[in-house]
Each structure stands twice: as C-alpha cells, then as structure tokens.
Amino acid sequence: MVNVIIILILVVVLIFAVKSSIKHFKGEGGCCGGGSGTVKTKKPKKKKLDGPVVGKRIIEISGMHCQNCVNSVTRALNGIDGVSAKVSLHGNRAEVSLDRMVDENELKRAVEEAGFRVTDIKAG
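Notes on the structure in this doc start here.

Rules used in this analysis
- Residues numbered from 1 in each chain as written.
- Predicted model: local features only at pLDDT ≥ 70, side-chain atom pairs only at ≥ 80, totals over all residues.
- Heavy atoms only, no water.
- Pairing = 2+ DSSP bridges.
- Helix = DSSP H or I, 4+ residues; strand = E, 2+ residues; numbered from the N terminus.
- Axes fitted to C-alpha atoms, helices over the stretch in contact; angles between N-to-C directions.
- Contact = heavy atoms within 4.5 Å.
- Polar contact = N/O pair within 3.5 Å; in protein donor to acceptor, adjacent residues only side chain to side chain.

## Let's talk about the sheet that holds strand 1 (residues 55-62)
Okay, step 1: Read across the open sheet, the four strands follow the order 2-3-1-4; overall the sheet is antiparallel. Only two strands of the sheet have a single partner each, and these edge strands are strand 2 (83-88) and strand 4 (117-123). On average, each strand axis in the sheet is tilted by 20° relative to the strand beside it, whichever way the strands run.
Okay, step 2: Sheet topology places strand 1 next to strand 4; six bridges connect them, and they run antiparallel. In the sheet register, I61 faces strand 4, and the bridge partner there is V118.
Okay, step 3: Strands in contact with helix 2 (residues 67-78) are strand 1, strand 2 and strand 3 (93-98); relative to strand 2, the strand with the most contacts, it is inclined by about 165°.
Okay, step 4: Packed onto the sheet, helix 3 (residues 104-113) meets strand 1, strand 2, strand 3 and strand 4 and runs at close to 150° relative to strand 4.

## Focus: the pairing of strand 2
Okay, step 1: Pairing analysis gives six bridges linking strand 2 to strand 3, with the strands arranged antiparallel. Within the sheet, the bridge partner assigned to S88 lies in strand 3 and is R93.
Okay, step 2: Hairpin remark: strand 2 followed by strand 3, antiparallel, with four residues in the connecting loop; positive phi at N92, about 50°.

## Digging into the side chain of D99
Okay, step 1: Along the chain, the position of D99 falls in the loop between strand 3 and helix 3.
Okay, step 2: At 3.0 Å, the side chain of D99 and the backbone nitrogen of D50 are in polar contact.
Okay, step 3: Leave out the neighbours within four places in its chain, and D99 touches L49, D50, G51, P52, V54 and G82.

Following this line, the structure appears as structure tokens:
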C-alpha cells in the first residue's frame, strides 16, 4: 500500500514538472526571474551611443527562453562602454552597434556572464 502511495505522488510530481517545462520552453511560464505565470520585468532603457556608429555585430545566442532572458542579455551588453544592443528572443540574437572598437571576446564574456551561450559573432 505504501508503495502505491509513493508511486502516485511521484506520478503527480512528474506531471507538474513536464507541464512546467513545456511552458518554460515555449516562453509562457515563469523563467529565470522565478515565480509562476508571466514574468513582469522592467524593460531596460534603450542606450544611446556617445559617438557615431563605427561597427556592428550580430551575436547568435542560445539559452534565452523569455523576456527576462532578453532583458538580462541587453543589460549585460549595454553595460559595456561603446555598445548599444537590441536583443531578439525569436531570433536568438543581439544586434550590437559600436561607437568604438570593442573586442569580440568582451562581448562574448558579457553574454556568458549573464548565463547564456554565444554560438557565433559576425559583422553586421
């Protein structure tokens, strides 16, 4: 009898875990910011560059699942002097404008320190 109860509890927990994982990967549930339901986060302000744009990069990123992920990557990239980023969840990429030369390793490090993986960086 005890075994049956334990198995039922495990089945119920497994069902909730699978449902939550499906929502997570569809970008519908709580993600990275915790909590349940839609994550309501303050969108980062658009950063203006101090000088004219001298270069652009497209950064392909994996691991983003929700708007909070996008906000984290945007804040990480915009925290670098001379960088203004526009990050797309559906494209899994960041379009970066530069007003000075910035080492691609610095861009990659910022994204990875935010908890995501850079799969490619190319000139934009």
